[in-house]
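Remarks on the overall topology
Here are the chains, one letter per residue:
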Amino acid sequence: MKLVGYQHGARQQVGVLVGDETEILPLGVALPPGAALDLTSLIEQWDVLAGKLDLEQPGRLRLSDVTLTAPIPQPRRNVICVGRNYVEHAAEFGRSGYDATGANADAGHTPDAPVVFTKAPSTVIGHGVDIEPHTAVTSALDYEAELGVIIGRGGRGISRQQAMDHVWGYTIINDVTARDLQKNHKQWFLGKSLDTFCPMGPWAVTADEIGDGPLDLLCTVNGEVRQRASTADLIFDIPTIIETISRGMTLQPGDVIATGTPKGVGLGFDPPRFLQPGDVVEISISGLGTLRNTVGAA
Ligand code: MG
């Protein structure tokens, strides 16, 4: 099942994608009166509400008549991210000169443990919304195509073996980064958290529809392929990531974890190919659709 965030009139809502992905059935009509109307609330009560979704109800909207938002447009907490989680990307990042974490060519670029950081909830935007170029504060705007994991059942001390039972579903994330801020401030939070730096979507897809197999990821800029990879190549896989993060921190329903980006980001080129106003970034992942965002005018 695919869940879509959208704006229709003055209201932000969530609906189920139906009709060959051309229509939305609002949760407000698919669920009994008074039930959840945002995705995090729905996920919290998923065990009860999933069986109550009635997709035969009338009241469908045409996808072309609404403006998409992120499936979780206002996350309750920071988006949790894993850095340097593909071998070749870890290497290109290490070589680039933008890595201020102390990893270097002599030590090798592959981390011994997952590198975990976060992005502010205010970074999140939907499919089709412009990424602000922030030209006054950065001249090194970069893209990072990533698989996003959406947590269903929360918990602490989740083992690798149990981890996939805590995954509600998936979405696509563009972990937009100001490389100069990421480098200059050592900690990554600021360079990762400028407004509009977390395009998410185009929708969220339940885990049962995706399965546990590897997913293909493709990222283009203005139609040119920049990143092509399989999630089979993650250094730390999803169960390991969930086990690591939840060891001492309670994961909550609706938490989003961006799993890392493969090689081919702008800083990996010599010279770097950072994003400019007008550039169009498109990210596709098997079964999850295509997330497209344009860099807005300066
Ligand atoms: Mg990233």
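Quick caveat, the model's predicted, so the values are computed rather than measured. (Residues numbered from 1 in each chain as written. Predicted model: local features only at pLDDT ≥ 70, side-chain atom pairs only at ≥ 80, totals over all residues. Heavy atoms only, no water.)

**Quick word on the overall build of the protein chain**
- If you tally the helices and strands in the protein chain, you get nine helices and 18 strands.
- Relative to the compact-globule value of 19 Å for 298 residues, the protein chain shows a C-alpha radius of gyration of 19 Å, a close match.
- Across its three principal axes, the protein chain shows a C-alpha extent of roughly 60 × 45 × 30 Å.
- The buried share of the protein chain, taken over its 298 residues, is 55%. (Helix = DSSP H or I, 4+ residues; strand = E, 2+ residues; numbered from the N terminus. Rg over C-alpha atoms; globule rule 2.2 N^0.38 Å. Buried < 20%, exposed > 50% of the residue type's maximum accessible area, 1.4 Å probe, protein only.)

**Describing the domain arrangement of the protein chain**
- Structurally, the protein chain comprises domain 1 (2-69) and domain 2 (79-294).
- Distance between the C-alpha centres of domain 1 and domain 2: 26 Å.
- Between domain 1 and domain 2, roughly 1200 Å² of surface is buried when both sides are summed, and carbon and sulfur atoms account for 70% of that area.
- On the domain 1 side of the interface with domain 2, the three residues burying the most area are Lys2, Ile43 and Leu68, jointly 47% of the side's total. (Domains from an automatic or database assignment. Buried area = accessible area lost by both parts, 1.4 Å probe.)

**Some points on the coordination of the magnesium ion**
- With distances of 1.9 to 2.1 Å, the protein atoms coordinating the magnesium ion are Glu144 (OE), Glu146 (OE) and Asp175 (OD).
- All donors of the magnesium ion belong to a single chain; written as a sequence motif, their spacing is E-x1-E-x28-D. Within this pair, whereas Glu144 is found in the loop between strand 9 (141-142) and strand 10 (145-151), its partner Asp175 is found in the loop between strand 11 (167-174) and strand 12 (177-178), the two being separated by 31 residues in sequence.
- Classification of Glu144 as buried rests on a relative accessible area of 5%. (Donors = N, O, S within 2.8 Å, 3.2 Å for Na, K, Ca; no water.)

**What to know about empty space enclosed by the protein**
- Applying the stated rule across the entire model yields one cavity of 30 Å³ or more.
- Lining the largest cavity are 14 residues; nearest its centre among them are Gly83, Arg84, His89, Glu144 and Trp188.
- Breaking the lining of the largest cavity down by element, the ones donating at least two residues are strand 6 (79-83), helix 4 (87-96) and helix 6 (179-184).
- Residue composition of the lining of the largest cavity, by class: three nonpolar, five polar and six charged. (1 Å grid on protein atoms, 1.4 Å probe; cavity = no way out; pocket = protein on both sides within 12 Å on 5 of 7 lines; lining within 4 Å. Points joined across faces, edges and corners; volume = space filled by probe spheres on them. Nonpolar A, V, L, I, M, F, W, Y, C, P; charged D, E, K, R; others polar.)

**Quick notes on helix 4**
- Within helix 4, burial applies to His89, Ala90, Ala91, Glu92, Phe93 and Gly94.
- Looking at the packing, one finds that the buried side of helix 4 touches helix 6. (Contact = heavy atoms within 4.5 Å.)

**Some thoughts on the packing of aromatic side chains**
- By the definition in use, this model includes four aromatic pairs.
- Relative to Trp188, the ring of Phe93 has its centre 5.7 Å away and its plane inclined at 90°; by these criteria the two rings are edge-to-face. With Phe93 in helix 4 and Trp188 in the loop between helix 6 and helix 7 (189-192), the pair connects residues that are 95 residues apart, well separated along the chain.
- Residue classification places Phe93 among the buried residues on the basis of a relative accessible area of 3%. (Phe/Tyr/Trp six-rings, centres within 6.5 Å; stacked < 30°, edge-to-face > 60°.)

**Overview of the state of the cysteines**
- In the structure shown here, the tally under the stated rule is zero disulfides.
- We note that Cys198 lacks a disulfide partner, and the nearest cysteine sulfur, in Cys81, lies 6.5 Å from it.
- Take Cys198: its relative accessible area is 0%, and that puts it in the buried class. (Disulfide = S-S within 2.5 Å.)

**Notes on the side chain of Gln227**
- The residue Gln227 is located in strand 15 (residues 224-230) in this model.
- A polar contact is formed between the side chain of Gln227 and the backbone oxygen of Pro262, at a distance of 2.7 Å.
- With near-sequence residues (within four places) excluded, Gln227 lies in contact with Tyr143, Glu144, Ala145, Leu217, Leu218, Cys219, Thr261, Pro262, Lys263, Gly264 and Val265. (Polar contact = N/O pair within 3.5 Å; in protein donor to acceptor, adjacent residues only side chain to side chain.)

**Comments concerning helix 9 (residues 238-246)**
- In terms of residue burial, helix 9 counts as a mostly covered element, since seven of its nine residues are buried.
- Here the buried face of helix 9 lies against strand 6, strand 7 (115-119), strand 10, helix 5 (160-163), strand 11 and strand 16 (256-258).

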